[in-house]
Amino acid sequence: MTNLSRRDFFQSTAAIAATGVLAAATDTTKAQTGTPSGPVVISSANGIRATDKAATMIRAGADTLDAVIAGVNIVERDPEDNSVGYGGIPNEDGVVELDACVMHGPTCRAGSVASLRNIKTPSLVAQKVMERTDHVMLVGDGASRFARAHGFEETNLLTEKARKHWLRWLENHSNQDDWLPPEVPDKGQHGTADLTVPFHYGTINCCACNEKGEVSGVTTTSGLSYKIPGRVGDSPIIGAGLYVDRHVGAAGSTGRGEAVIKTCGAHTVIEAMRHGMSPTEACLHALKRIVDTTTEKRLRRKDGRPNFDVKFYAVSNTGAYGGAAIWSGGKFSINQGGTNRHEPYTYLYERPEP
Ligand code: GLY
């Protein structure tokens, strides 16, 4: 518990206790010092293949950032996953726009792309922005031109499955326009009959620590389903969807990006860890900030609690980790101690029965 006075520590833990926070998951942080004996890689539930791949690569000597990017690339390239990359749910015009950012702890560098079209792996383009420009962030057409210059292959990212989701949304979201659903719903694979895609903020964050205590992270997404073209969430914003500090750790987020941007979410997690909170405590601290700043009636339930979810993930440079959500019920992916598994989030509120 470096960088923390005894009084600050008791204040921070008392503040958490006072919220009535429910702690469902194991907090691995307490009393952990030094560096881990092997890689620790954390991700969202849909990143279970990413944690496996990244940990394997780190064990074989790969850099932590190369490893987490290679991990999320598996999902970015998977047409069946509708949350990121190829196969992501498109914007309201039916065009897939991707956001991603990366941070490399050892060199304190960062790269980011937003509203990137036609490239399956925005995380790799973000890494290229970090390595081959004097900038941190490229957006839209500029990001596409930069990716083309670096030889990234261009593809139509709208899969048949995602197009059917979008068309179903288009034909059903208003009865005041001229788009009509089919009289007889389509059947079969990727027909509309079996499509029940709600709005979602599907995203992958993946953060890692190696046995030397080096930390890195990546966040990648296709963003909010059916978003207004040009809408950018938290995922590509350094300090919101991802933040890495080599003296502290790495943290990232998934869920409602607007709430995370307004509270500088991942940066808030890392600063809380810097001042002595464990990763789990720090994630809960940042979630409480979101609850506190959600003043809009349309975003609150009758009991005043948010009607959306946000999840934070964090790993310290000692290998301690934690994942927390506003609402109970979810799991995050973790590779630690040689096993790749899902663990339940710690959470603020018990999700009511549907
Ligand atoms: N967290 C992903 C997004 O809001 O775009």
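As the structure is a computational prediction, the values presented were derived from the model and not from experiment.

How each quantity is defined
Residues numbered from 1 in each chain as written. Predicted model: local features only at pLDDT ≥ 70, side-chain atom pairs only at ≥ 80, totals over all residues. Heavy atoms only, no water. 1 Å grid on protein atoms, 1.4 Å probe; cavity = no way out; pocket = protein on both sides within 12 Å on 5 of 7 lines; lining within 4 Å. Points joined across faces, edges and corners; volume = space filled by probe spheres on them. Helix = DSSP H or I, 4+ residues; strand = E, 2+ residues; numbered from the N terminus. Phe/Tyr/Trp six-rings, centres within 6.5 Å; stacked < 30°, edge-to-face > 60°. Buried < 20%, exposed > 50% of the residue type's maximum accessible area, 1.4 Å probe, protein only. Pairing = 2+ DSSP bridges. Axes fitted to C-alpha atoms, helices over the stretch in contact; angles between N-to-C directions. Contact = heavy atoms within 4.5 Å.

Caption draft 1: The layout of surface pockets, seen in detail. Considering only enclosed or pocket space, the second largest pocket measures out at about 350 Å³ in volume. Contributing to the lining of the second largest pocket are 18 residues, with Tyr-201, Gly-202, Gly-255, Asp-309 and Lys-311 lying nearest its centre. Breaking the lining of the second largest pocket down by element, the ones donating at least two residues are β8 (249-255) and β9 (310-316).

Caption draft 2: Representation of the packing of aromatic side chains in the model. Throughout the structure, instances matching the rule amount to 5 aromatic pairs. Their ring planes at 5° and their centres at 4.7 Å tell us that Trp-169 and Tyr-226 sit as a pair that is stacked. Within this pair, whereas Trp-169 is found in helix α6 (residues 160-172), its partner Tyr-226 is found in the loop between β6 (215-221) and β7 (242-245), the two being separated by 57 residues in sequence. Ring geometry for Tyr-321 against Phe-332: centres 6.3 Å apart, planes inclined by 70°, an arrangement best described as edge-to-face. Remark: Phe-332 occurs in strand β11 (residues 331-336) and Tyr-321 occurs in strand β10 (residues 321-327); sequence separation between them is 11 residues. Judged by its relative accessible area of 1%, Phe-332 is buried.

Caption draft 3: Representation of the sheet that holds β6. Overall, mixed pairing links the 8 strands, which are arranged β4-β3-β2-β6-β5-β1-β11-β12 in an open sheet. Of all strands in the sheet, those with a lone pairing partner are β4 (137-139) and β12 (339-344), marking the two edges. Averaged over neighbouring strand pairs, the angle between their axes works out to 10° when direction is ignored. For strand β3 (residues 109-116) and β4, the ladder comprises 3 bridges, and the chain directions are parallel. Directly across from Ala-114, in β4, lies its bridge partner Val-139. Lying on the sheet, helix α2 (residues 48-59) is in contact with β1 (40-43), β5 (203-209), β11 and β12; it crosses β11 at an angle near 15°. Docked against the sheet, helix α5 (residues 140-149) engages β3 and β4, running at close to 105° with respect to β4.

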